[in-house]
Structure formats: structure tokens, C-alpha cells
Amino acid sequence: MQDTGGSGRETVYTMEATPLKFGPGASEEVGWEVKRLRVSRVMLVSDPGVVEAGITPRIKELIEAEGIEVELWDEVRVEPTADSFQAAADFAVEGGFDGFVAVGGGSSIDTAKVANLVATHPAPIMDYVNPPVGGGRKPPSPLKPLLAVPTTAGTGAEATTVAVLDIPEQKVKTGISHQYLRPNRGVVDPLLTVSMPRAVTSSSGLDVVCHAAESYLARPYNTRPKPKSPDDRPPYQGSNPIADMWSSKALEYGGRYLRRAVADGKDVEARGHMMLGASLAGVGFGSAGVHIPHACAYPIAGLRHEYRPPGYPQDHPFVPHGWSVIVTAPAAFRFTYDASPERHHRVAELLSGGPIENPDENTLPEVLIQLMKDVGAPRGVAEFGYTEEDIPALVEGAMKQQRLLVLTPKEVTEEDLANILRESMENW
């Protein structure tokens, strides 16, 4: 007889996944998909680069061909802020839309999620932001239909319940998280990523790898306390057998195809597998969660605004999300190794494409560092303008991400995070 909760430990885990349509040319069916959602007036959310590439105008044309009214919001900011979310939310509130379509990377999809949230249940954005940074308010009922059309292979935002934002005045990144934020449907078309610059391919692809690795290595779901009510069960529940399946396949695809996608943007097979990997990892970490690398990434991206990444828009300094995550991953997984050596070995084997003899705590970090080198990632935290003097402030920002850190497979202290950041200043 299995434990049904007498120990006070969690015995239940959940998995919810966005229905996905996948394949080269899938985006040509967007109008049909929007019509199926039974909406008549759509807010189309995108960013200037995707508009300029001709992708957004084509999507708008396809939706309008079905007799659906469309208004375009094309002021999405790469790495959104509370203010940029608010601007989109104001547009949504005033527009009287009954559906939303997001076209772009995670920034566009997350902006659409929040615009939909505030338009459906009006409140200041900070009321919805995860505590302790914000109020942690929960939407009382489902939102309006949202269709997500990703143009990068990274965040998996088409499959997740989270919207990430930068709060400059607090020098921290955080998120809004609730199951109602999950898009109703995702249309994943590898052809939309063919024009993605090499640096964007690198950063977004490394985000896929980190999502999958962190979720596979997260604290097991059944070591968490049982919630008093199902309503209190967090979206990020810890590693579990279902999430493991999705994360494992994403790791395999990242190890096999990311280098190819960076080397040749027109390699549609590699592009397709990385897009599929992003969605798979989104489902995996949407159930299991992420921990140290993402917790450290938020202050790395939010504390200083000096870095201007090559291959990205140069209108404002920022640290691309995938790069902010990957720089601490080698040291973080060296730290977590003794909590589950066999699972760390498995991640290394999935990424490297085969068995590894005599693995130890350095095996997975070495596999990751080689991948980082091969796809042109920054060497470490120092490349973003930080020095060891910044470590206390970075630790303070990371410690605010308790929603993530509780998923670390072993206890992590401020001193542990300081050591991880110190090791991560330069990975090679």
C-alpha cells in the first residue's frame, strides 16, 4: 500500500501541457487556429525585429483572412520590465479584445500573457508578481484565449505558466506564475527561426538545455511537504517521472542539434529539433521547476545594465536570458552533484550522446562548458561587467527567488551561492 500522505510528504504531482501544432509551415494555419478559438477581435503582440522580418505582418494577414479583427501591439521590449508589461496591459484594457495572439520569443509571449491577465482581471501588475517582490495575487478565473507562435527556440513560453520581468528599481528579475497564464495553443514552425541571428540561437538554445537539466535535477516532488489544499500546490513541484520524460528528450536534442543550429541557421532539421526541444523542456520544467542557475540569472540580468550582447538589438543594454542562466550552471551542478550523482551522470550522457566512463562531479560541468565554447557563449559572469565585489548583491538578489531555490536538491545557503558565483566569474 502506498503512502497516501500520512508522512506529511507530497504524494501527488501534476502535468499540464499546451496543445501544440508543430512542423515546417505550421504557422500558415494560424488563421484557422484563431477562428477555432471563437474570437472576433484579437490583440496581436510582437516585437519590432519580428515585425521587420515580415513574420508578424504575415500572421496578421492570415488571421484577418478569417474575418477576425486584429490590432497590432509591436512595442514588446526584449527582456520585459514591469513598465513595458504595463504599457501592453493598458493597450489590452482599452482595446476590448476577446483573444490574444503572441508572435515572437519569450518576451512577446510573456507580454501577451500579462496583457491578457490584466485585461481579464484588472489590477496593478505588481499585485500579481511572485512574493516577496510582489503581492502574489491569483487570478480568480481563466483568462481569454491566447495563441502563441514562437519565433525562437529557447524559453518554451508557449508551454509554460510563467511570465518573467525585470524590475529595475529593485535591481531584480522575477515572474508572475499561475496555471491560467498558460497559452491555450502553441503553433511551432521551425521556418520562423531560420533568420534568427547566431547569438540569439546560442542563448535561447542554452536556455533549453538549462531548463531541462535543472528540472531533471530538481528536488523530487515527494520530498516536499503536502499542501493543505490542492489550490496551494505550486506550479513548480519538483522532479517527477512525467517531467523527466520531457526533460530527457529536450537534453538529447540540445546536445545533438544546438551546435548545428548555431553553425548554420538554414539547417531546418536542427532548427526544428531545437524548437521541439524548447517546447518539451517547457512542459518538463513547467511541472518540475528550475533552481540555482535561474535564481542566479535574475540578479545577473537585473543588477547591472551595461552589457550589450552581440547579435541582439542595441537600443538598450541587457543580458540575454539563456546566457545569464548558463554561466552559473557548471558550478551549480558541481554543487548539487552529491544529492543525486546518478541523475547528474544521466544529464551528462544525454547531452553528450552516449555513455561516459568513470563520471564524477566534474563530468556534467565539463560537458556544459564544452557546449558553451562551441556555441560562442560568454565565459562567465565577469563578461557581463561584474566583479567579486558584486557577489553579495548578486546573492541577495538570488535569495529573493525562494520559489525556485526550494527546488534545489540539497539545502543551499547564501555562502553556497556566493561560492557558486565566485566559481562562475570565468568558466574557462
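Preceding block: the structure.
My aim in this report is to walk through the structure given alongside it, one point at a time. Just so we're clear, the structure is a prediction, and the values are computed from it rather than from any experiment.

A look at helix 12 (residues 329-336)
- Among the eight residues that make up helix 12, seven are buried, leaving the element largely enclosed by the rest of the structure.
- The set of residues buried in helix 12 consists of A329, P330, A331, A332, F333, F335 and T336.
- On the buried face of helix 12, the contacting elements are helix 7 (198-216), helix 10 (292-302), helix 11 (321-326), helix 13 (341-352), helix 14 (363-374) and helix 17 (414-423).

Looking at the packing of helix 7 against helix 8 (residues 241-263)
- Contact pair helix 7 / helix 8: the axes reach a minimum separation of 9 Å and the direction vectors enclose 160°. Comparing their axes, helix 8 and helix 7 come out roughly antiparallel. The handedness of the crossing between helix 7 and helix 8 comes out as left-handed. Contact residues: R198, T201, S202, G205, L206, V208, V209, A212, A213, S215 and Y216 in helix 7; D244, S247, S248, A250, L251, G254, L258, A261, V262 and A263 in helix 8.
- Taken together, the residues of the contact of helix 7 with helix 8 break down into 12 nonpolar, seven polar and two charged.

Looking at the side chain of T81
- Mapped onto the secondary structure, T81 falls in the loop between strand 3 (69-73) and helix 4 (82-95).
- Not counting residues up to four positions away in its chain, the partners in contact with T81 are L165, D166 and P168.

With respect to the packing of aromatic side chains
- This structure, assessed with the given rule, holds nine aromatic pairs.
- Between the aromatic rings of Y312 and F318, the centroid separation amounts to 5.5 Å while the plane-to-plane angle is 85°, which identifies the pairing as edge-to-face.
- For F318, a relative accessible area of 4% corresponds to the buried category.
- A cation over an aromatic ring shows up here: R343 above the ring of Y216, its NZ or CZ 4.1 Å from the ring centre.
- Positioned over the ring face of F335 is K410, at 4.2 Å from the centre of the ring.

Description of the sheet that holds strand 4 (residues 99-104)
- Spatial strand order, 1-8-5-4-2-3: six strands in an open sheet with parallel pairing. A strand with exactly one partner marks an edge of an open sheet, and here the two such strands are strand 1 (20-22) and strand 3. Recorded for the sheet is a direction-independent mean angle of 20° between the axes of neighbouring strands.
- Across the face of the sheet, helix 3 (residues 55-64) comes into contact with strand 2 (41-45), strand 3 and strand 4 while running at roughly 150° to strand 4.
- Against the sheet, helix 9 (residues 268-288) touches strand 1, strand 5 (146-150) and strand 8 (185-188), its axis set at about 170° to strand 1.

Looking at the nonpolar core
- The biggest cluster of nonpolar side chains holds 81 residues, and the ones touching the most others in it are I292 and I300.
- The element best represented in this core is helix 7, accounting for nine residues.
- Beyond its immediate sequence surroundings of up to four residues, I300 is in contact with V319, S324, V327, T328, V381, F384, Y386, L394 and L421.
- Within the second largest apolar cluster, 19 residues are counted, among which are A26, V30, I59 and L192.

Some thoughts on the packing of helix 8 against helix 13
- Two elements in contact, helix 8 and helix 13, have axes separated by 7 Å at closest approach and are oriented at 40°. Between helix 8 and helix 13, the angle falls in the class oblique. Two secondary-structure elements touch here, helix 8 through D244, S248, L251, E252 and G255 and helix 13 through R343, V347, L350 and L351.

Quick notes on helix 14
- With 12 residues, helix 14 should cover 16 Å at 1.5 Å per step; its first-to-last C-alpha distance of 17 Å lies within 8% of that length.
- Taken residue by residue, helix 14 has T363, L364, P365, V367, L368, I369, L371 and M372 as its buried positions.
- Looking at the buried residues of helix 14, the elements they touch are helix 7, helix 8, helix 11, helix 12 and helix 13.
- Within two residues after helix 14, G376 carries a phi angle of roughly 75°, on the positive side.

Procedures and definitions
Residues numbered from 1 in each chain as written. Predicted model: local features only at pLDDT ≥ 70, side-chain atom pairs only at ≥ 80, totals over all residues. Heavy atoms only, no water. Buried < 20%, exposed > 50% of the residue type's maximum accessible area, 1.4 Å probe, protein only. Helix = DSSP H or I, 4+ residues; strand = E, 2+ residues; numbered from the N terminus. Contact = heavy atoms within 4.5 Å. Axes fitted to C-alpha atoms, helices over the stretch in contact; angles between N-to-C directions. Parallel < 35°, antiparallel > 145°, perpendicular 65-115°, else oblique. Left-handed = near helix turned anticlockwise from the far one by under 90°. Nonpolar A, V, L, I, M, F, W, Y, C, P; charged D, E, K, R; others polar. Phe/Tyr/Trp six-rings, centres within 6.5 Å; stacked < 30°, edge-to-face > 60°. Lys NZ or Arg CZ within 6 Å of the ring centre and 35° of its normal. Pairing = 2+ DSSP bridges. Core = buried A, V, L, I, M, F, W, Y, C linked by side-chain atoms within 4.5 Å. Expected span 1.5 Å × (residues − 1).

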